Amino acid sequence: MTEPTSATLHTVSRGRPHWHRGLTRPVLQRRSDVIPAVQACAFVIGIAVALIAGALLLLTAGHDPAEVYGRMLESSLGGTDSISRTLLRATPLALSGLAVAVAGSMGLWNIGAEGQIMAGATVAAGLAMTAGDLPGPVLIVAMIAAGAVGGTVLMAVPALARAYLGVSEIITTLMLVEVAIRVVEWLETGPWKDPDSQGFALIEPLPEQAALPGLFGRSHIGVIIAAALLVVFWLTLSRTAWGYELRLAGSSPATARYAGISLQRKVLIALVLSGALAGLAGAVELTGTATRLDPGLSNGYGFAGIIVAALALMRPSGVAAVAFVFGAVQVGGQSIQTLGVTSSISTILQAMILVGALVASVLLNYRIRWVRPVGHDTADSDKASNGTASDGAAGDGTAAPILSTGQPASGNTASSGTASDGTAAPILSTGQPASGNTASSGTASDGTAAPILSTGQPASGNTASSGTASDGTAAPILSTGQPASGNTASSDTASDGTAGDSTAAATSPSDAAAASDAASQAEDEDGGESETEAGDGGEAESEAGDEDESEDGGDSAGTPTNPGVVE
């Protein structure tokens, strides 16, 4: 005997509400009308949110937001020299953001770019101190290559552990940041200590020819190196088979395995390239702005690169724009110290840009719907008087319950079908308490289930058949032989064999003399009426008079099942 599904909607049975004790919860539903360039819009909204939040903080501290923001804008974008300072800051941000984005394109997170920057700068500085006699161009190229090697070496352990042992790269890369910084601190007080430092902990200075040539203002050709790498990786990830395989391995590992792609190899390549780019960023920063290796060389660029890559959606094409904005914010944050404002405001603005952009991106791509789970009437008295319920759902999400009950015996049989639109069309039929109840099911021509129930005496003369309406929905028909007296079951059936809301309807005549009565509704003895309503919100209500009776005295009731949704 098939058990009916329990209702989860707020139902009203004879005027008595019964609520489930669950809590209303939000559900994100993707919008079908997403605007173009949604991430760019989200980034602009994030900047606006950051400016508003920063203005409130400045007002609280007693500063004029207009004056502070004006100074920041002038110092970062107010002229050629200001733009050169912004580009100088944006270069390591772009390279570290690109390093995180390369790993992120495969679903990996390189949280330790800060340490890899330090490792790259350390190896580059060591090469400069041992091969300082090389010509300038050769030395610079060798130092940049050595920096990439240093970042690769530091990333090797996390990459191997992730590829072959499944160890999270987030934990391992982050832990190695501290290791890289402590190594530099040991070098400046030990093997690489400058003998002329007069007791201070300093590493020997770099050779004079180990400095990147200038570009304009305070910027250097590291800007061109960063721009070239951004273009190369953008083309590689978006226009080559290797880039497609990398993205496929990150988005659908099962599909990648089926296509013959080695996930271990892709993990190794993605993480090693990410570490190499971060190490290269350290070498560029060392040769472009520093005269010697220092534990504070990374200056938080690695951690800021995570924000840059996240705002760019791990796409190299967006890293450049985000890095430039963040470079301007950092340069502006340094300039406002002359106004008595702490430079930490720049860090706060970067964080608020991230938060605002992420929230805006979610709201632009998704719509929030509030789901309210509610219960049903479980009173034993209602079960005894109303029979057993089973529910279906129409294509618009409204409940379409169909019930058919006979004598209050234990021989109830349930069967359910599915309409062509995928909605449930359950049918219940009960007969005498004899053990000869049988159930069978067929399938319509469109592949939907057309359940058939047959009940009656335990004799073999019962027959069953089913048909399909012209709209493809199941139109089950029940046919019984000569059953015991008083066993009838009927429900409203449209002319095409379907119920009023396009769900399946079942008809079960009791005998040949009662066949014409099976197509009409059972009337209440005292004028009471039974009604089932279903709205968009999934709310059903059943009302009855003092006593509902069919020809044999059986009652019928419906209880909807689909959850109520309130937007």
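Residues numbered from 1 in each chain as written. Predicted model: local features only at pLDDT ≥ 70, side-chain atom pairs only at ≥ 80, totals over all residues. Heavy atoms only, no water.

1. Notes on the overall build of the protein
Put simply, the rule reads: Note on conventions: DSSP H or I runs of at least 4 residues are helices, E runs of at least 2 residues are strands, and numbering of each starts at the N terminus. Only protein chains enter the area calculation, which uses a 1.4 Å probe; residues under 20% of their type maximum are buried, those over 50% are exposed, and those in between are partly exposed. Only heavy atoms enter the contact rule, under which two residues are in contact if any of them lie within 4.5 Å. All accessible areas in this document rest on Shrake-Rupley with a 1.4 Å probe, and a residue is counted as covered only by the protein chains that are shown.
Helices and strands together make up the secondary structure of the protein, namely 14 helices and 13 strands. Within the span of the protein, comprising 567 residues, buried residues form 46% of the whole. Considering only contacts in the protein between residues 6 or more positions apart, those separated by 24 or more positions represent 72%. With an accessible surface of roughly 26700 Å², the protein has 58% of that area assigned to carbon and sulfur atoms.

2. Here's the deal with the pattern of salt bridges
Quick reminder of the rule: Only one rule defines a salt bridge in this text: a Lys or Arg side-chain nitrogen within 4 Å of an Asp or Glu carboxyl oxygen.
Applying the stated criterion to the full structure yields six salt bridges. Linking arginine 85 and aspartate 81 is a salt bridge whose minimum nitrogen-to-oxygen distance equals 2.5 Å. Here arginine 85 pairs with aspartate 81, and both are found in helix H3 (residues 80-104), just four residues apart, close to one helical turn. According to the relative accessible area criterion, arginine 85 is partly exposed, its value standing at 22%. For aspartate 81, a relative accessible area of 36% translates into the label partly exposed. For arginine 182, the salt bridge is made with glutamate 178, and the minimal N-O distance between the two is 2.4 Å. Of this pair, arginine 182 and glutamate 178 are both found in helix H6 (residues 169-189), four residues apart, which corresponds to roughly one turn of the helix. A residue is classified by how much of its surface remains accessible, and glutamate 178, at 39% relative accessible area, is partly exposed. Where salt bridges share partners, they join Glu178, Arg182 and Glu185 into one cluster.

3. Side note on helix H7 (residues 222-239)
To keep things clear, this is the line we draw: Here the expected span of a helix is defined as 1.5 Å times the quantity of residues minus one. Within this analysis, the arc is defined by the directions that extend from the helix axis to the C-beta atoms.
Taking 1.5 Å of rise per residue, 18 residues should cover 26 Å, and H7 covers 25 Å from first to last C-alpha, within 8% of that figure. Three or more residues of H7 are buried, namely Gly222, Val223, Ala226, Leu229, Leu230, Phe233 and Leu237. End-on, the buried residues of H7 take up no more than an arc of 130°, which puts them together on one face. Residues of H7 that are buried make contact with H3, helix H8 (241-251), helix H10 (263-289) and helix H12 (316-335).

4. Looking at the packing of helix H4 (residues 113-130) against helix H11 (residues 301-311)
Spelled out, the test is: Helix axes are fitted to C-alpha atoms over the stretch in contact, other axes to C-alpha atoms as well, and angles between N-to-C directions run from 0 to 180 degrees. Working rule for angles: under 35 degrees goes down as roughly parallel, over 145 as roughly antiparallel, 65 to 115 as roughly perpendicular, anything else as oblique. Note: crossing handedness is left-handed where the near helix turns anticlockwise from the far helix by less than a right angle, and right-handed where it turns clockwise. Gly is placed with the polar residues, together with every amino acid not listed as nonpolar (Ala, Val, Leu, Ile, Met, Phe, Trp, Tyr, Cys and Pro) or charged (Asp, Glu, Lys and Arg).
For the pair H4 and H11, interaxial distance at closest approach is 6 Å and the crossing angle is 135°. When the axis of H4 is compared with that of H11, the two are oblique. Of the two elements, H4 crosses H11, and the hand of that crossing is right-handed. Along the contact surface, H4 presents Ala113, Glu114 and Ile117, while H11 presents Tyr301, Gly302 and Phe303. Looking at the contact of H4 with H11 residue by residue, the classes come out as four nonpolar, one polar and one charged.

5. Focus: the side chain of threonine 86
For threonine 86, the position within the fold is in helix H3. Those residues in contact with threonine 86 that sit more than four places away from it in its chain are Ser76, Phe324, Gly327, Ala328 and Val331.

6. Topic: the environment of glycine 199
With respect to the helices and strands, glycine 199 occurs in the loop between H6 and H7. Since its relative accessible area comes to 67%, glycine 199 is described here as exposed. For the pair glycine 199 and threonine 189, spaced 10 residues apart in sequence, the C-alpha to C-alpha distance is 9.5 Å.

7. Examining the environment of glutamine 350
Tracing the chain through its elements places glutamine 350 in helix H13 (residues 344-365). Sequence separation between glutamine 350 and glycine 327 is 23 residues, and the spatial gap between their C-alpha atoms is 10.0 Å. Not counting residues within four places of it along the chain, the set of residues in contact with glutamine 350 comprises Ala304, Phe326, Val329 and Gln330.

8. Quick notes on the packing of helix H2 (residues 65-77) against H3
The N-to-C vectors of H2 and H3 enclose an angle of 85°; their axes lie 5 Å apart at closest approach. Of the possible angle classes, the one that applies to H2 and H3 is roughly perpendicular. Note on element contacts: H3 touches H2 through Ser82, Ile83, Arg85 and Thr86, opposite Glu74, Ser75, Ser76 and Leu77. Within the contact of H2 with H3, the residues separate by chemical class into two nonpolar, four polar and two charged.

9. Details of a nonpolar patch on the surface
This is how the line gets drawn: Residues with no salt bridge and a relative accessible area higher than 30% make up the patches, which join like charges within 9 Å and nonpolar side chains (Val, Leu, Ile, Met, Phe, Trp, Tyr) within 5 Å.
Residues Leu28, Val355, Val359, Val362, Leu363, Ile368 and Trp370 make up a contiguous nonpolar surface patch of about 600 Å² in total accessible area. In terms of residues, the nonpolar patch owes the most to one element, H13, which gives four residues. Counting through the fold element by element, valine 355 comes out in helix H13.

10. Some details on the confidence of the model for the protein
The test is simple: Known as pLDDT, the predictor's confidence for each residue is given on a scale from 0 to 100.
When pLDDT is averaged across the protein, the result is 72; 62% of the residues are at 70 or more. Note on residues 1-20: pLDDT under 50 across the span, and 72 contacts to partners over four residues away in sequence or across chains. Scored below 50 in pLDDT, residues 376-567 shows 378 contacts in the model against residues more than four places distant or in partner chains.

11. Quick look at unusual backbone geometry
The phi dihedral of asparagine 299 is positive, around 55°, even though this residue is not glycine. Assignment of secondary structure puts asparagine 299 in the loop between H10 and H11. One non-glycine residue, leucine 313, lies in the positive phi region at around 55°. Structurally, the position occupied by leucine 313 is in the loop between H11 and H12. On the basis of relative accessible area, leucine 313 is assigned to the partly exposed category, the value being 37%.

12. A few points about the environment of serine 346
Applied cut-off: Think of a polar contact as two N or O atoms within 3.5 Å of one another; within protein, one of them needs to be a possible hydrogen donor and the other a possible acceptor, and neighboring residues in sequence only count if both atoms come from side chains.
Relative to the elements of secondary structure, serine 346 occurs in helix H13. For the pair formed by serine 346 and valine 331, sequence separation is 15 residues and the distance between their alpha carbons is 8.4 Å. Within the structure, serine 346 has its side chain in polar contact with the backbone oxygen of serine 343 (distance 2.8 Å).

13. Considerations on the side chain of aspartate 194
Position of aspartate 194 relative to the elements: it lies in the loop between H6 and H7. Using a relative accessible area of 10% as the deciding quantity, one classes aspartate 194 as buried. Beyond its immediate stretch of four places on either side in the chain, aspartate 194 contacts Leu202, Ile203, Glu204, Pro205 and Arg292.

14. Here we look at H12
For H12, with 20 residues, the first-to-last C-alpha span of 29 Å sits near the 28 Å given by 1.5 Å per residue. Most of H12 sits out of view: 14 of its 20 residues are buried.

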